[in-house]
Amino acid sequence: MLSHDIVIVGGGLAGLRAAVGLCEKYDVAILSKVHPIRSHSIAAQGGINASLANHPEGKDDSWEKHTFDTIKGSDYLADQHAVEIMCRQAPIIVYEMEHWGCPFSRFEDGSIAQRPFGGAGYPRTCYSADITGHVLLNTLYERAVSKGVKVYSEWYAIALVIDNGQCHGIIAFDLINGKIFPIKSKVTVFATGGYGRVYQYSTNALINTGSGIGIAYKAGVPIKDMEFVQFHPTGLIGTNILITEACRGEGGYLINNKNERFMEKYAPKAMELAPRDIVSRSIQTEIEEGRGFDHPLGKYIKLDLRHLGAQKIMEKLPGIRKICIDFIGIDPIYELIPIMPCQHYSMGGIDTNEKTETEIKGFYAAGECACVSVHGANRLGGNSLLDTIVFGKLSAIAIDEYLSGNNVNPEERPLNAKLNDVETNIKKIANNTGERPFSILSDLSKNMSANVGIFRKKDELALALEKIMEIKERYKNVHVSSTSLHMNYELLNAIELGYMIEVAHTIAIGAYLREESRGAHFRRDFSIRNDENWLKHTIARLGADGTPEISFKEVVITRYQPMERKY
Amino acid sequence: MLFVLLRIRDEIDGTLSFRSSCRSAVCGSCVMVINGKIDLACRTQVASFGTNTIILEPLPNFEIIKDLVVDMTPFWNMYEKIRPYLIRKSPAPEKEIKQSEEERRRIDQFVNCILCACCYGACPVLARNPDYLGPAAMAKLERFILDSRDERPHSVLDEINNENGVWGCDTVFRCIDACPKDVRPTDSIVGLRKAILKKKLFGKYK
Ligand SMILES: Cc1cc2nc3c(=O)[nH]c(=O)nc-3n(C[C@H](O)[C@H](O)[C@H](O)COP(=O)(O)OP(=O)(O)OC[C@H]3O[C@@H](n4cnc5c(N)ncnc54)[C@H](O)[C@@H]3O)c2cc1C
């Protein structure tokens with residue numbers, strides 16, 4: 001049987017950082033369904049937050065101020081001790097990435113350049129033009145290559161094997177050779193990213209199915225705060241490609257059909273740089289009240305960069321300009337960009353503590369698939385890249401502690417039993433006679449965008465849940481065209497869809513139960529935050545009847561008492 | 001083009017194989033030959049052809065695994081060969097290693113490479129000599145050689161001072177035409193040739 005000390009599922013920033021921290025001492029393997037360089041971290045544009053105080057207007061920035069902004073941005077749902085850890089680590093990991101070769105943009109004095117971002121009191125977002133994810137992921141991959149980290153590229157983790165409160169490894173699907181293997185490991189780490197594709201309109205890559213969260217949940221691991229879904233204010237209409245917040249950080253305006261900078265009404269001080277939940281709701285309100293623009297692809301608002309001038313756009317936002325030209329034939333130097341809010345980020349995920357440990361011995365999670373929670377009800381721009389690298393690093397430290405102090409013996413028996421289940425299930429999909437996966441996914445994602453979107457209401461959420469139950473029934477008969485295991489993407493889609501339905505279910509049920517509005521979760525029927533009843537995390541676990549069983553968990557408050565959030 | 005392919009797989013032929021991920025021209029997954037031109041399917045607009053027939057082929061210079069999926073192993077082998085990471089001898093400072101805006105700008109175009117292998121597929125030298133390093137690996141090496149922070153030994157230039165390295169290039173610029181990110185790999189090859197000559201004349205390349 002294939003076996004490693006540590007198997008890391010995910011070759012994005014979180015997975016690579018964990019591997020780099022462990023590979024000198026342990027036999028580590030990364031497993032990723034795409035080549036690590038194709039992971040979605042590559043697409044991050046705007047930047048990564050750290051209180052370096054390099055910016056002339058940020059000289060008295062500090063990790064404490066970063067902590068406060070993050071907690072306020074989270075609408076007080078973040079665990080404050082974890083936010084403190086992340087913000088203290090931020091300058092350390094940014095310098096470390098720089099020392100490893102990361103080509104950040106620079107200020108005149110040769111220091112790392114920083115720009116303003118939403119919800120931050122100081123310009124603390126370190127960047128490389130508008131390709132920050134690309135340079136960070138390349139640097140970490142380069143580091144992994146230099147250390148000879150073993151990578152199973154284009155291998156899919158199909159199931160997690162837990163027995164007796166301990167993780168024994170995974171079942172893996174080699175997509176190219178069409179074979180399924182159990183892999184035994186003392187420790188398994190999930191760094192599988194977000195679930196954007198559960199929604200119809202998302203800025204996320206096609207591979208962001210959230211299956212990692214679904215796999216862990218199906219294996220009995222609790223997941224946390226799934227109802228908190230970030231909608232980014234500015235996705236390009238049509239393709240929903242992200243138009244980075246850095247456009248507004250550099251000074252861009254949002255304009256309605258009355259030619260007004262409407263953010264004046266919603267966040268008079270912060271304007272376009274209010275946190276994302278607020279800007280997205282403002283845009284949606286403008287559209288719903290008839291102040292948007294019409295297009296066959298949907299209603300939209302305009303983002304105006306023209307006043308920044310050609311030079312600034314070409315220097316600071318060249319990638320955005322190229323996206324606009326390539327994908328909708330618009331040059332933002334001369335024209336306004338049509339944008340709409342789109343699903344962007346998952347604040348929720350696999351329930352972990354600040355050491356990335358889960359309830360299960362030997363199972364860890366980091367990055368977007370995990371919920372520590374450092375983002376609470378709303379993540380600030382630039383804090384997610386930070387989260388991936390900080391908690392990737394801290395998971396390596398925690399795993400080393402665990403393996404140094406314990407004699408861990410994973411077993412083959414539960415792995416073989418699970419392999420059997422997986423193979424039976426695949427045979428069943430091949431022999432089914434029902435629908436093919438795409439039509440089920442299309443109904444699921446439309447349901448999520450329509451009924452579990454930016455503005456939510458009890459009856460719509462109830463409808464969403466009802467539809468999810470119907471979709472689960474349809475999925476039982478999901479069918480694929482070919483029974484071959486070799487390069488069968490349709491089969492992979494069918495397998496992933498099963499996990500996506502579970503993820504959607506936990507989002508919808510969390511949103512249905514949470515009768516308040518906090519951060520990205522807005523209920524029209526309960527439009528204010530209710531700390532007395534709802535200052536708590538939602539925990540979902542797979543119940544005996546196959547539906548989520550919900551409980552709640554305290555929020556850790558250290559020194560920042562919840563206040564009203566004003567921008 | 002990518003959305004057409006996805007629709008074909010979804011609604012018509014579920015067995016069709018092609019790679020895809022970001023659908024925004026940054027991850028480099030969906031490279032193929034589209035009506036004779038090597039490009040990323042996601043950024044190619046089908047309407048621009050004005051025809052009902054579009055011919056798709058897998059990327060040349062690679063073994064085909066299935067349909068439009070090729071085996072990228074040789075590409076990654078060449079990438080790893082040039083030691084694609086920052087090499088330092090000096091101890092790390094407490095904060096960042098300073099770099100001027102001008103020094104940062106010097107590596108800009110090579111930093112933009114998304115490792116999609118369009119250039120590798122377009123290269124006529126690779127078509128006849130699979131041991132040739134290829135444009136992407138040399139652009140990556142130049143990215144580090146030009147980086148003011150990099151301190152790799154001069155001997156790295158000896159390794160590419162041959163027909164499988166910088167002198168293999170035909171300088172017919174197919175790689176530049178093929179690059180979807182406006183990187184000019186030929187510039188890097190010329191730059192590396194100059195570095196080799198500089199080292200020969202002055203004993204150092206920087
Ligand atoms: C367009 C866009 C722009 C963004 N810009 C910013 C920004 O400027 N600043 C910021 O802070 N944040 C930004 N974010 C958010 C941030 O980029 C992501 O949250 C972060 O990169 C996630 O990294 P990760 O390592 O957790 O996961 P990912 O990079 O998504 O990697 C997930 C990995 O898991 C693998 N995988 C998943 N499931 C499986 C499975 N079952 N089996 C095998 N492998 C699997 C994938 O192959 C991949 O390697 C942006 C997000 C988007 C969508």
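Because the structure is a prediction, the values reported are computed rather than measured.

So, how was this worked out
Residues numbered from 1 in each chain as written. Chains lettered and ligands numbered in written order. Predicted model: local features only at pLDDT ≥ 70, side-chain atom pairs only at ≥ 80, totals over all residues. Heavy atoms only, no water. Helix = DSSP H or I, 4+ residues; strand = E, 2+ residues; numbered from the N terminus. Rg over C-alpha atoms; globule rule 2.2 N^0.38 Å. Buried < 20%, exposed > 50% of the residue type's maximum accessible area, 1.4 Å probe, protein only. Contact = heavy atoms within 4.5 Å. Areas by Shrake-Rupley, 256 points an atom, 1.4 Å probe, with all protein chains shown as cover. Lys, Arg positive; Asp, Glu negative; His and termini not counted. Charge placed at Lys NZ, Arg CZ, Asp CG, Glu CD. Phe/Tyr/Trp six-rings, centres within 6.5 Å; stacked < 30°, edge-to-face > 60°. Domains from an automatic or database assignment. Buried area = accessible area lost by both parts, 1.4 Å probe. Salt bridge = Lys/Arg side-chain N within 4 Å of Asp/Glu carboxyl O. Polar contact = N/O pair within 3.5 Å; in protein donor to acceptor, adjacent residues only side chain to side chain. Nonpolar A, V, L, I, M, F, W, Y, C, P; charged D, E, K, R; others polar. Pairing = 2+ DSSP bridges. Axes fitted to C-alpha atoms, helices over the stretch in contact; angles between N-to-C directions. Expected span 1.5 Å × (residues − 1).

Caption draft 1: Here's a closer look at the overall build of chain A. For chain A, the count of helices and strands is 16 helices and 21 strands. Its C-alpha atoms give chain A a radius of gyration of 22 Å, within 12% of the compact-globule value 24 Å for 567 residues. Expressed along its principal axes, the backbone C-alpha trace of chain A runs to roughly 65 × 50 × 50 Å. Burial statistics for chain A: of 567 residues in total, 67% are counted as buried. A fraction of 73% describes how many contacts in chain A between residues 6 or more apart in sequence connect residues 24 or more apart. About 18600 Å² of surface is accessible on chain A, with carbon and sulfur atoms providing 49% of the total. Taken as two groups, the 63 positive and 68 negative side-chain charges of chain A have centres that lie 1 Å from each other.

Caption draft 2: Expanded view of the packing of aromatic side chains. Residue and element names in this part refer to chain A. For the coordinates displayed, the defined rule picks out 16 aromatic pairs over all chains. With a centroid separation of 5.9 Å and an interplanar angle of 40°, the aromatic rings of phenylalanine 68 and tyrosine 560 are classed as tilted. One end of the pair, phenylalanine 68, is in helix H2 (residues 63–73); the other, tyrosine 560, is in the segment after strand S21 (548–554), and 492 residues separate them in sequence. Assessed through its relative accessible area of 28%, phenylalanine 68 is described here as partly exposed. A relative accessible area of 13% means that tyrosine 560 is categorised as buried. For the ring pair phenylalanine 455 and phenylalanine 522, a centre distance of 5.4 Å and an interplane angle of 90° mean the geometry is edge-to-face. Here phenylalanine 522 lies in strand S19 (residues 522–523) and phenylalanine 455 lies in strand S18 (residues 455–456), a separation of 67 residues in the sequence. Considered together, phenylalanine 455 and phenylalanine 522 belong to a single accessibility category, that of buried residues.

Caption draft 3: View of the domain arrangement of chain A. Residue and element names in this part refer to chain A. When cut into domains, chain A gives domain 1 (2–228 + 347–411), domain 2 (233–341) and domain 3 (413–539). Computed from C-alpha atoms alone, the centre-to-centre distance between domain 1 and domain 3 is 23 Å. In this complex, domain 1 contributes 51 residues to the contact, which on the side of domain 3 involves 44 residues. Across the domain 1/domain 3 interface, buried area totals approximately 4300 Å², and carbon plus sulfur atoms make up 67% of it. Looking at the side of domain 1 facing domain 3, the largest losses of area belong to Val198, Tyr199 and Glu227, adding up to 17% of the total buried there. If you look at where domain 1 meets domain 3, you find six salt bridges. A salt bridge links glutamate 227 to arginine 514, with the nearest nitrogen and oxygen atoms 2.7 Å apart. Taken together, domain 1 and domain 3 are joined by 23 residue pairs in polar contact (both at pLDDT 80 or more). Going through the elements one at a time, strand S7 (155–163), strand S8 (166–174), strand S9 (179–190), helix H5 (211–218) and strand S10 (223–224) are the ones with two or more residues in the side of domain 1 that touches domain 3. In terms of residue class, the side of domain 1 that touches domain 3 is made up of 28 nonpolar, 10 polar and 13 charged.

Caption draft 4: The arrangement of the sheet that holds strand S14 (residues 337–346) of chain A in detail. Residue and element names in this part refer to chain A. Read across the open sheet, the four strands follow the order S11-S14-S13-S12; overall the sheet is antiparallel. Two strands bound the open sheet, and with one partner strand each, they are strand S11 (229–236) and strand S12 (253–255). When the angles between neighbouring strand axes are averaged without regard to direction, this sheet yields 45°. As judged from the three bridges shared by S12 and strand S13 (residues 301–304), these two strands associate in the antiparallel manner. Following the sheet pairing, leucine 254 is matched in S13 by leucine 303.

Caption draft 5: Focus on the pattern of salt bridges. Counted by the stated rule, this structure contains 65 salt bridges over all chains. The partner of A:Asp69 in a salt bridge is A:Arg124, with the nearest N and O atoms 3.0 Å apart. With A:Asp69 in helix H2 and A:Arg124 in the loop between strand S4 (114–115) and strand S5 (125–126), this pair connects stretches of sequence that are 55 residues apart. On the basis of relative accessibility, which here comes to 1%, the residue A:Arg124 falls in the buried class. For B:Asp147, the salt bridge goes to B:Arg143, with nearest N and O atoms at 3.0 Å. Across the pair, B:Arg143 and B:Asp147 agree in class, each one buried. Connected via shared salt-bridge partners are A:Asp75, A:Glu227, A:Asp277, A:Arg281, A:Arg514, A:Glu516, A:Arg518, A:Arg529, A:Asp531 and A:Arg565.

Caption draft 6: Here's a closer look at helix H4 (residues 132–146) of chain A. All names here are of chain A. Here H4 spans 21 Å end to end across 15 residues, near enough to the 21 Å set by a 1.5 Å rise per residue. Counting buried positions over the 15 residues of H4 gives 13, a clear majority of the element. Within two residues after H4, glycine 148 carries a phi angle of roughly 70°, on the positive side.

Caption draft 7: Geometry of the sheet that holds strand S20 (residues 536–542) of chain A. All names here are of chain A. Across the sheet, which stays open at both edges, the five strands sit in the order S17-S15-S10-S20-S21 with mixed pairing between neighbours. For this open sheet the edge positions go to strand S17 (370–371) and S21, each flanked by a neighbour on one side alone. Here S10 pairs with strand S15 (residues 349–351) via two bridges, running antiparallel. The partner of lysine 224 across the bridge, within S15, is glycine 349. Most of the contacts of helix H15 (residues 489–513) go to S21, to which it runs at about 60°, and overall it touches S10, S20 and S21.

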